[in-house]
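Residues per chain are reported as follows:
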Amino acid sequence: MTAHSSPEARDDLERDLLAQLAARWGRRAVVKQDELDLDGHYDPEFPDFPEDLVPVLSLPGAQSVPDDARRQILAAAWISYNAKTTAVENEVVLPACRLMLSERIPVRHDESAVSALQQTIIDEHYHILMCHNAVGVTRRRRGLDDLDFDPGVWSVVRGLDDARQGRDGTGRDLTEIGFALAAETTIGGYLSALATASQIQPMNRITTELHRRDESGHAVIFRELAGSLYKSLAGPDRDLFRGALAAGLTAFRAPDFEPWVSVARAGQLDIEAGQVAELAAARPAPGRDTGPLQLLLRDLGINDESELAVASQNGS
């Protein structure tokens, strides 16, 4: 005999964002689309990265850098950008996704939630492959095979390591999920600056835009799961989770100065990290889309980030 779900059950499913995203994954996910021909569409006349996003080119003396050296610096900046993206996925997001599949974490574990998480894990692994393939073309075309970045060079990775020091059990779990929530809620804005840069290598822009589209869905998934987690926590654990989220937001937005030394060296420009830090201190921070973050805070019953920081102090 064929089983029929009730109208009420069907209505609940249709209103369920995780169920909707899981059902549409085959149509929306980059991993389900034809792979881009990166090598075939690479034009060496285009810069690999927007010059206005490379602070070392605004340092005194950088104006005299020859065009070929400037091109190498922009290529190195693209490699650096992808190295940070890969580190965020590998070191912050993927461990939290696997953690939330564990029964000990009080998030939703229904069929739709598990499907959405498993799909996210596949997406993130594919994003790492996209980064690897994209910079592989740049390395070959620009002769930058030896340029590499250790994951520990990025502020967000070090921030997570610092935040979970001395924590175990529930405290460590909540810290890791809080950091991943911060990353998945804000990474779309990080990617948008490059996804909308029309003057750069087209394949670099398109690759980043495809990644950004996937991340818009991930922000919803993490927000939904974080909501179910947050509602299940007692007061002290709520404070701890808020503290982890606040620390994650701070770490994700923190500028990274040391990698720019390696980027500049690719164009034979010798600088120190402190010079980049001084330049950054004199400039306003770049604006980013905070819409997903505002939705998250609303779902958690927090009015704004200042309230998040205050409320997290008990959990620090």
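Every chain is numbered independently, its residues counted from 1 as its sequence is written. In view of the model being predicted, local features appear only for residues whose pLDDT reaches at least 70, and side-chain atom pairs are presented and counted only at 80 or more, with totals across whole chains, interfaces and linings using the full set of residues. Where side-chain values are given, they derive from all heavy atoms of the structure, hydrogens and water being excluded.

Q: Provide a residue-level description of the overall build of the protein, including the pertinent values.
A: Secondary structure elements are taken from DSSP: a helix is a run of H or I of four residues or more, a strand is a run of E of two residues or more, and numbering for both begins at the N terminus. The helix and strand tally for the protein stands at 12 helices and zero strands. Helices and strands in the protein line up, N terminus first, as α-α-α-α-α-α-α-α-α-α-α-α. Accessibility here uses a 1.4 Å probe with only protein chains present; expressed as a share of the type maximum, an area under 20% marks a residue as buried, one over 50% as exposed, and anything in between as partly exposed. Counting the 316 residues in the protein, one finds 52% classified as buried. The contacts of the protein with a sequence gap of at least 6 include a subset with a gap of at least 24, amounting to 78%. As displayed, the protein offers around 15000 Å² of accessible surface, 49% of which is attributable to carbon and sulfur atoms. Any two residues having at least one pair of non-hydrogen atoms within 4.5 Å are treated as being in contact. Note on areas: these come from Shrake-Rupley sampling with a 1.4 Å probe, and a residue is covered only by the protein chains present in the view.

Q: Hey, could you go over the layout of surface pockets for me, with residue numbers and the actual values?
A: Empty space among the atoms becomes visible once a probe the size of a water molecule is rolled across them. In the cavity and pocket records, a cavity denotes points on a 1 Å grid over the protein atoms alone where a 1.4 Å probe fits but cannot get out, a pocket denotes an open set with protein on both sides within 12 Å along at least 5 of 7 lines, and lining residues are residues with an atom within 4 Å of a point. Grid points are joined across faces, edges and corners, and a volume is the space filled by probe spheres set on the points. Considering only enclosed or pocket space, the second largest pocket measures out at about 260 Å³ in volume. If you go around the second largest pocket, you meet 18 residues; those closest to its centre are Asn82, Ala83, Thr86, Arg139 and Asp148. Taken together, the elements giving at least two residues each to the lining of the second largest pocket come down to helix H3 (67–101) and helix H4 (111–142). Sort the elements by how many residues they give to the lining of the second largest pocket and H3 lands first, with seven residues. Residue composition of the lining of the second largest pocket, grouped by class: 10 nonpolar, five polar and three charged. Under the convention adopted here, Pro, Cys and the residues Ala, Val, Leu, Ile, Met, Phe, Trp and Tyr are nonpolar, Asp, Glu, Lys and Arg are charged, and Gly plus all remaining residues are polar.

Q: Describe the packing of H3 against helix H7 (residues 202–232), naming the residues involved and giving the relevant values.
A: Taken N-terminus to C-terminus, the directions of H3 and H7 make an angle of 25°; their axes are 13 Å apart at the nearest point. Here H3 is positioned roughly parallel relative to H7, judged by the angle of their axes. Between H3 and H7 the crossing geometry is left-handed. From H3, Trp78, Tyr81, Thr85, Glu89, Val93, Cys97 and Met100 reach across to H7, where they touch Asn204, Thr208, His211, Glu215, Phe222 and Leu225. With axes taken as lines fitted to C-alpha atoms, and helix axes fitted only over the stretch in contact, angles between N-to-C directions fall between 0 and 180 degrees. Under this scheme an angle from 65 to 115 degrees is roughly perpendicular, one under 35 degrees roughly parallel, and one over 145 degrees roughly antiparallel; angles in between are oblique. Should the near helix be turned anticlockwise from the far one by less than a right angle, the crossing is termed left-handed; should it be turned clockwise, right-handed.

Q: Hey, could you go over helix H9 (residues 258–265) for me, with residue numbers and the actual values?
A: Buried within H9 are the following residues: Pro259, Trp260, Val261, Val263 and Ala264. Among the structural elements, H3 and helix H10 (273–281) are those in contact with the buried residues of H9.

Q: Please set out the side chain of Thr85 residue by residue, giving values where relevant.
A: Tracing the chain through its elements places Thr85 in helix H3. Here a polar contact is recorded for every N or O atom pair within 3.5 Å, except that within protein the pair must consist of a potential hydrogen donor and a potential acceptor, and residues adjacent in sequence are included only if both atoms are side-chain atoms. A polar side-chain atom of Thr85 sits 2.9 Å from the main-chain carbonyl oxygen of Tyr81. Apart from the residues within four sequence positions on either side, Thr85 is in contact with Cys131, Tyr190 and His211.

Q: How would you sum up the nonpolar core? Please name residues and give values.
A: Grouping buried Ala, Val, Leu, Ile, Met, Phe, Trp, Tyr and Cys residues that are joined through side-chain atoms within 4.5 Å yields what is termed a nonpolar core. Counting residues in hydrophobic clusters, the biggest one holds 93 residues, and the most contacted among them are Val54, Val56 and Phe241. The biggest single contributor to this core is H3, with 19 residues.

Q: Report on the environment of Pro259, specifying residues and quantitative values.
A: Within the fold, Pro259 resides in helix H9. Residue Pro259 is classed as buried on the basis of its relative accessible area, which comes to 2%. Spatially, the C-alpha atom of Pro259 lies 7.4 Å from that of Phe149, the residues being 110 residues apart in sequence. Apart from the residues within four sequence positions on either side, Pro259 is in contact with Ser80, Phe149, Val153 and Trp154.

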